[in-house]
Structures are given as C-alpha cells and as structure tokens.
Amino acid sequence: MELRELNIKQAAELLDKKEISSAELTQACIDRIEAVEPQINALVTVCAEQALETAKRVDEKRARGEKLGRLAGIPTIIKDNMCTKGVLSTASSKMLYNYKPVYDATVIEKLKAEDYVMLAKANMDEFAMGSSTETSYYGVTKNPWDTTRVPGGSSGGSAACVAADEAIFALGSDTGGSVRQPAAFCGVVGLKPTYGTVSRFGLMAFASSLDQIGPLTKNVEDSAFVMDIIAGNDKKDSTSAIMEYPHYGEGMKQDVKGLRVGIPKEYLQQEIDPEVKQSYLDAIKLFEDMGAVVEETSLPTFDYALSAYYVIASAEVASNLSRFDGIRYGYRTEQYDDLKQMYKNTRSEGFGDETKRRIMLGNYVLSSGYYDAYYLKALKVKTLIKNDFERLFEKYDVLISPTAPSPAFQVGAKSNPLEMYLNDLFTVPVNIAGVTAISLPSGVTKEGLPVSVQIIAKAFDENTMFRAAYHFEQAVKFDRKPTL
C-alpha cells in the first residue's frame, strides 16, 4: 500500500511507531497532487511548502517525546469556504479571489490543536451553490473514477481529493447534501452532522439555518474520529448546541441485531437509476441479514422538501451575500462612475450565473407581497418536515435511503438548473430537519462508477448512525479505487 492510500488510523499508527515520518507522508500526498491535479482540478490553493514545514515541526516534536495531538502529522485538505488565517479562502468565487482571512474558522483551530497538516484548499461550487462543482470560478473539478464526469457538489473538490488519495481526509460543508452527494459520486464516506454540533464560525455562510461542516473520509471509523475532534460548543456561534457532547464512535462495533430500520416508501417512488435502486434494495436486504428489524414507513412531507429548501436557502443567500459589495474586501470593478454603478458592476462581474440566480430568487421571495406566499410558507413546511422525522424516530433508530438518484453524470450534462436541483432530492430533507446522516459506498455500476446509501439518525444521535454505518461497511467490504 502506498503511503497516500492510508486512512487516518493506519497513518497515525505508523507515525506513532516512527515507521514513517509526517514529512514522508506529506510529501507522498504532495507528489500525488502534482501527478493528478492536471486531470481532476480538485484544488484551488496548494500549500506544499507550508505543509512540509508543519510536518517537519511535528516530526521534531515526536522525536523529542513531546505530547502530540490526535491528528499529529496527518495531511488534510480544507474546503475553500472555511477561513484559514493567511491562506487564500475564496469560496471558489471571483468575488473573493484575493481574500486572505486574518483568523481561523473554529474547526481549523480545533484541527491545529491536534497538530494536523493543511495541504490545500479544495475547489467547490461558487459559495457552495451547486451539485457538480461546475460553477467554480477556478474551473470544473473532474471525478477521479471517470474524468468525463462530475464529482458532485458543492464539496466536489474535497470528495475528489480523498478518492484520488491527495490527502488522508478532507473537510466539506453540507447545506442540502453538499458533503453526502459528492461522497456518493466519488466512492468515499461523507458525514452531515446534526445542525449545531459543529461550529459554523469562520464558514462562509450560504444558508445559515442549514449549513453544517462535515468530514469526507476513507471509512466510517475515520469519520467518527474526525467528528470527535471538530464537534463541540462554540461561544462564537449562536447556533452551537449547548449540551454534553458524547465520545463519537463509542459503541460503534456493537452488534446491530434488533436495530430498528425504517425505509420511507417515498424514496422508491422517485425516478432512480436502476442500478442505484438495486444497490439500495441490496442494502435493505443486508440489514435484514445482519439481524436488524426492517420496515417500510412513510415520510409524507418528502415531496415538499426540495421546494421548501430552495426557497429558504435562496432567501438566506440573498441576505448573506449582500455583504459582498466591493467596499471592504474582495473584488471591486474598475469600471464605474458613481457608487451605485460600482455596486452593480462589482456584483455583476464578481458573482457567477448560479450565484446570481439564487440571489435574485431569494430577493424575490423576501420581497413585499411575496414573503408570506413563499418564504413564510416554506418555513411552515420546514416545521412539518421536522415533525415528520421526529415522529419516525420515535419508532425507528435509523432510516435508510439512496444518497443520490443516479451515479456521477457527465460534465455539462445538466445545463438546466431544475435538472441539477433534483440531484439534492434525497439529501435535502435531512438539512431541513436538522438531523444527521452519513453516505457510504454500497457498490459500483456496470460502468465502474460508485453508488452509495444514506443512513439517517435523529438529531444528536450520531453514535447510532455510526454503529449502523460501520456494520454495513464491514458487510459490503467496498474496496474499489479509482484507476486514475
């Protein structure tokens, strides 16, 4: 096995035994980046020199016998919408092409406290708006499994870099499926934590009531390990949950016999690729074989989730992105005669088409005369969806669904925005309800593309979800890798 192919646990063990150094591991990832980046374009900013310096410092601390963090010397890639002090953080937008934050996001502070090594910032859909990483100002990211296809989005760069072994793990953000869907397209594990468990401070806001940072990893155990590091209350985030946080991953290997698994019938009533559907049915059978109690159930408000999501998310986008005006930081047009024209030209030139589309939609649904008809109604639907999930979790420990309705599609295949939005069909309800979900590979298609299932658990019950996911992963034994 190549060093770059290691997962977190394997890498940490070898580092602790001093069989490898962090500098060697980091260099192996840098070499991989140099080899595959021309083909996949998963990264926006590569910090090779800085990463090697950090790795060498960790090696020196280890040699001196000093106490080290849980991620000591582990090369990591961060989605480009998280603030990293002194390192370009652009949200893959022309609007922030030159923005270097003067502070770190809380998750970055937590990773630094554990002695991680930051390798690069990952490409993404502009301001996290998209499902394919085709809206980035820095060009399209390609899927390592087939470079004619998309890696999903908006965390497509983060998913692609983990699948291509450019890093040991990565962080992404999930507003309507932006960690889970690209994880499914790229054959890796993607976690969307319960809303409020991971601080959003320093995450560039898309839709504040829906955004959540989550890891993309090579297996479920690594996902729980990273979650244990990044979760926790943060006084700088008013939506951060005040509670006693568990040790994530605890009880993960406990038997799933008797686990109550719900199968919402609405998921199978949608247009699903036949191979994705078969893989989902196989997953259901696998849980039955493992001794879980599997029952069909219903999520009545499922059909309204996508519509409610795009109204709420667009409204919050219009508000959050109003701060990008060319005055304080970021891009400013060179062509203007007065202040009004400067605002107009800056925002017209600085934002891409998809971002402008959602800002316009958001301003429309928030405008006088339409607020009650659209935005207020969407918020009421959000409450109904949340209530539906709470009702289901009174009876079931977890719910299972496909992660995406199809495998990775061709670059440029979905030029119609409405077609693109349908990729979020199965992931959006989780964000609306604020619960937790994980996507993990369940097989490959005849064309050799990965497909995945999504395991959903009630709010703050990540450990039950990890338990179900771990046993499913062990049973499936997914070991296919991209041929890139």
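Residues numbered from 1 in each chain as written. Predicted model: local features only at pLDDT ≥ 70, side-chain atom pairs only at ≥ 80, totals over all residues. Heavy atoms only, no water.

Going by what an unreviewed UniProt entry lists, the protein chain is known as Glutamyl-tRNA(Gln) amidotransferase subunit A and is assigned to Christensenella hongkongensis. Recorded in UniProt under Subunit (unreviewed entry), the annotation for the protein chain is "Heterotrimer of A, B and C subunits." (UniProt positions renumbered as here; feature names shortened; annotations may be inferred.)

## Some points on the pairing of strand E5 (residues 189-192)
Side-chain alternation along E5 places Val-189 and Leu-191 on one buried face and Gly-190 and Lys-192 on a second face that is also buried. Bridge count between E5 and strand E6 (residues 212-217): 2 bridges; the pairing is antiparallel. Counted as the bridge partner of Val-189 is Thr-217 from E6. Looking at chain direction, E5 and strand E10 (residues 436-444) are connected through 3 bridges and run antiparallel. Its bridge partner being in E10, Lys-192 is matched across the sheet by Ala-437. (Buried < 20%, exposed > 50% of the residue type's maximum accessible area, 1.4 Å probe, protein only. Helix = DSSP H or I, 4+ residues; strand = E, 2+ residues; numbered from the N terminus. Pairing = 2+ DSSP bridges.)

## Things to note about the pattern of salt bridges
Under the counting rule described, the total for this entry stands at 26 salt bridges. Residue Lys-218 is joined to Asp-165 by a salt bridge in which the shortest nitrogen-to-oxygen separation is 2.9 Å. Of this pair, Lys-218 sits in the loop between E6 and helix H7 (220-230) while Asp-165 sits in the loop between helix H5 (156-163) and strand E4 (169-174), placing them 53 residues apart in sequence. Its relative accessible area of 2% is what places Asp-165 among the buried residues. (Salt bridge = Lys/Arg side-chain N within 4 Å of Asp/Glu carboxyl O.)

## Remarks on the UniProt feature "active site" (unreviewed entry) in the protein chain
UniProt tags Lys-79, Ser-154 and Ser-178 as "active site" (unreviewed entry). These annotated residues cover 100 residues of sequence, and their C-alpha atoms all fall within 11.1 Å of one another, placing them together at a single site. Tracing the sequence through the fold places Lys-79 in strand E2 (residues 75-79). In this structure, Lys-79 is in contact with Lys-121, Ala-122, Met-124, Ala-128, Ser-154, Ser-155, Ser-158, Leu-171, Gly-172, Ser-173 and Ser-178, ignoring residues within four places of it in sequence. With respect to the helices and strands, Ser-154 occurs in the loop between strand E3 (117-122) and H5. Since its relative accessible area comes to 0%, Ser-154 is described here as buried. Residue contacts for Ser-154: discarding those within four places in its chain leaves Lys-79, Asn-123, Met-124, Asp-125, Ala-128, Met-129, Gly-130, Thr-133, Ser-173 and Ser-178. Of the polar contacts made by the side chain of Ser-154, one reaches the side chain of Lys-79; its length is 2.7 Å. (Contact = heavy atoms within 4.5 Å. Polar contact = N/O pair within 3.5 Å; in protein donor to acceptor, adjacent residues only side chain to side chain.)

## Thoughts on the packing of helix H2 (residues 22-40) against helix H3 (residues 48-63)
Following both chains from N to C, one finds H2 and H3 inclined at 160 degrees, their axes separated by 8 Å at the closest point. As summarised for this structure, H2 and H3 are arranged roughly antiparallel, according to the angle between their axes. Every pair of crossing elements has a handedness; the one defined by H2 and H3 is right-handed. Note on element contacts: H3 touches H2 through Ala-48, Ala-51, Leu-52, Ala-55, Lys-56 and Asp-59, opposite Ser-22, Ala-23, Thr-26, Gln-27 and Ile-30. (Axes fitted to C-alpha atoms, helices over the stretch in contact; angles between N-to-C directions. Parallel < 35°, antiparallel > 145°, perpendicular 65-115°, else oblique. Left-handed = near helix turned anticlockwise from the far one by under 90°.)

## Brief notes about the side chain of Asp-222
Within the secondary structure, Asp-222 is located in helix H7. A polar contact is formed between the side chain of Asp-222 and the backbone nitrogen of Ile-8, at a distance of 2.8 Å. Not counting residues within four places of it along the chain, the set of residues in contact with Asp-222 comprises Asn-7, Ile-8, Lys-9 and Thr-217.

## Topic: unusual backbone geometry
Gly-153 connects to Ser-154 through a cis peptide bond whose omega is 5 degrees. Of note in this structure, Thr-133 is not a glycine but carries a positive phi near 55 degrees. If you trace the backbone, Thr-133 turns up in the loop between E3 and H5. Residue classification places Thr-133 among the buried residues on the basis of a relative accessible area of 0%. Of note, the phi angle at Phe-460 is positive, near 65 degrees, even though the residue is not glycine.

## Regarding a nonpolar patch on the surface
On the surface, a cluster of nonpolar side chains totalling about 350 Å² of accessible area is made up of Leu-361, Tyr-364, Tyr-370 and Tyr-374. In this fold, Tyr-374 is placed in helix H13 (residues 371-395). (Patch = residues over 30% accessible without salt bridge, like charges linked within 9 Å, V, L, I, M, F, W, Y side chains within 5 Å. Areas by Shrake-Rupley, 256 points an atom, 1.4 Å probe, with all protein chains shown as cover.)

## Description of the sheet that holds strand E7 (residues 260-264)
Sheets are built from strands paired through backbone hydrogen bonds, the pairs being either parallel or antiparallel. With mixed pairing, 11 strands are arranged side by side in an open sheet as E1-E3-E2-E4-E6-E5-E10-E11-E9-E7-E8. Taken across any chain shown, the strands that pair with only one partner, and hence form the sheet edges, are strand E1 (43-46) and strand E8 (293-297). The mean inter-strand angle of the sheet, taken between neighbouring strand axes irrespective of direction, is 25 degrees. Bridge count between E1 and E3: 3 bridges; the pairing is antiparallel. Bridging from a neighbouring strand, Thr-45 pairs with Lys-121 of E3. Sitting on the sheet, H3 touches E1 and E3, and the angle it makes with E3 is about 155 degrees.

## Concerning the UniProt feature "domain: Amidase" (unreviewed entry) in the protein chain
Taken from the UniProt record, the annotation "domain: Amidase" (unreviewed entry) applies to residues 24-465. Regarding residues 24-465, the helix share stands at 39% and the strand share at 14%, and the terminal C-alpha atoms are separated by 35 Å.

## Here's the deal with H7
At 3.6 residues per turn, the α-helix brings residues three or four places apart onto the same side. Among the 11 residues that make up H7, 9 are buried, leaving the element largely enclosed by the rest of the structure. By the burial criterion, the buried members of H7 are Val-220, Asp-222, Ser-223, Ala-224, Val-226, Met-227, Asp-228, Ile-229 and Ile-230. For H7, the capping residue at the N-terminal end is Asn-219, with a side-chain oxygen 3.3 Å from the backbone nitrogen of Glu-221.

## Brief notes about the environment of Ala-170
Position of Ala-170 relative to the elements: it lies in strand E4. Classification of Ala-170 as buried rests on a relative accessible area of 0%. Between the C-alpha atoms of Ala-170 and Gly-157, which are 13 residues apart in sequence, the distance is 9.2 Å. Contact partners of Ala-170, with chain neighbours within four places excluded, come to Thr-76, Ile-77, Ser-158, Cys-161, Val-162, Gly-214, Pro-215 and Leu-216.

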